[in-house]
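Single-letter residue listing:
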Amino acid sequence: FPPTQVREALRTCAIIAAKSGDETLAMKCCDRMEETEVGEGEADLLRGAVCMEQYEVQRALAFFNKAAESSGYDLKTLAHIGVICHEAGLFSMAYTILKEVVKQHEADGYKSCPPQYLAFLTGACYSLAKREEYMYYLKYAVELAPLDISSVLGEHFPPGTEPRDYLDIELGNK
């Protein structure tokens, strides 16, 4: 199998094992992933995600710190950590990390920003009741990341609402 498929299979196996409570199997998948050419950094990101699934936040943060360090604090690695934190309900941490990452794309109106990052930052602002920032990022997210913002915020709007209508609804126009 191509290395990318092996890594994706290991990542999927680790997350499923963690969700089902089998941390031993999940960590074995992380160890196997480290043996592929992705190296320690990506494996530590996955280990952190596994720990988050087990509600072991301090242990997860240690793995995230290792991953960030080994990547040279690469924006993609930091954003990945922010997304994992958001998905684990650590909105304040997700906000802090993702805001720094997304800020790097401000000059071009966030067009160069990976859509997932913008959507999760918007979601973190929503969850933290940072209304002004939420509205600011929502404006960009509905335009540049409609599928991602629908995935992150869709449950907060009436079923079937199109992402392009989120801003008008929030402004009270619909």
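Use the structure listed above.
In what follows, the accompanying structure is described. Keep in mind that this is a model prediction, so the values were computed, not measured.

Description of the packing of aromatic side chains
Under the counting rule described, the total for this entry stands at 7 aromatic pairs. Aromatic pair Tyr-110 and Tyr-136: ring centres 6.1 Å apart, planes at 80 degrees, arrangement edge-to-face. A residue pair is termed long-range when its members are at least 10 positions apart, and Tyr-110 in the loop between α6 (91-103) and α7 (115-127) and Tyr-136 in helix α8 (residues 131-144) qualify at 26 residues. A relative accessible area of 32% places Tyr-136 in the partly exposed class. Residues Phe-157 and Tyr-166 carry aromatic rings whose centres are separated by 3.9 Å and whose planes lie at 5 degrees to one another, so their mutual orientation is stacked. For the pair Phe-157 and Tyr-166, a shared accessibility class is recorded, and that class is buried. An aromatic cluster is built from Tyr-110, Tyr-136, Tyr-137 and Tyr-140, whose rings are joined through pairwise contacts.

Observations concerning the packing of helix α5 (residues 75-87) against α6
The geometry of α5 relative to α6 is characterised by a closest axis approach of 8 Å and an angle of 155 degrees between their N-to-C directions. Considering the angle they form, α5 stands roughly antiparallel to α6. Between α5 and α6 lies a crossing whose hand is left-handed. Across from Leu-75, Leu-78, Ala-79, Ile-81, Gly-82, Val-83, Cys-85 and His-86 in α5, the residues of α6 making contact are Phe-91, Met-93, Ala-94, Ile-97, Leu-98 and Val-101. Classifying every residue of the contact of α5 with α6 by side-chain character gives 12 nonpolar, 2 polar and no charged.

What counts, and at which threshold
- Residues numbered from 1 in each chain as written.
- Predicted model: local features only at pLDDT ≥ 70, side-chain atom pairs only at ≥ 80, totals over all residues.
- Heavy atoms only, no water.
- Phe/Tyr/Trp six-rings, centres within 6.5 Å; stacked < 30°, edge-to-face > 60°.
- Helix = DSSP H or I, 4+ residues; strand = E, 2+ residues; numbered from the N terminus.
- Buried < 20%, exposed > 50% of the residue type's maximum accessible area, 1.4 Å probe, protein only.
- Axes fitted to C-alpha atoms, helices over the stretch in contact; angles between N-to-C directions.
- Parallel < 35°, antiparallel > 145°, perpendicular 65-115°, else oblique.
- Left-handed = near helix turned anticlockwise from the far one by under 90°.
- Contact = heavy atoms within 4.5 Å.
- Nonpolar A, V, L, I, M, F, W, Y, C, P; charged D, E, K, R; others polar.

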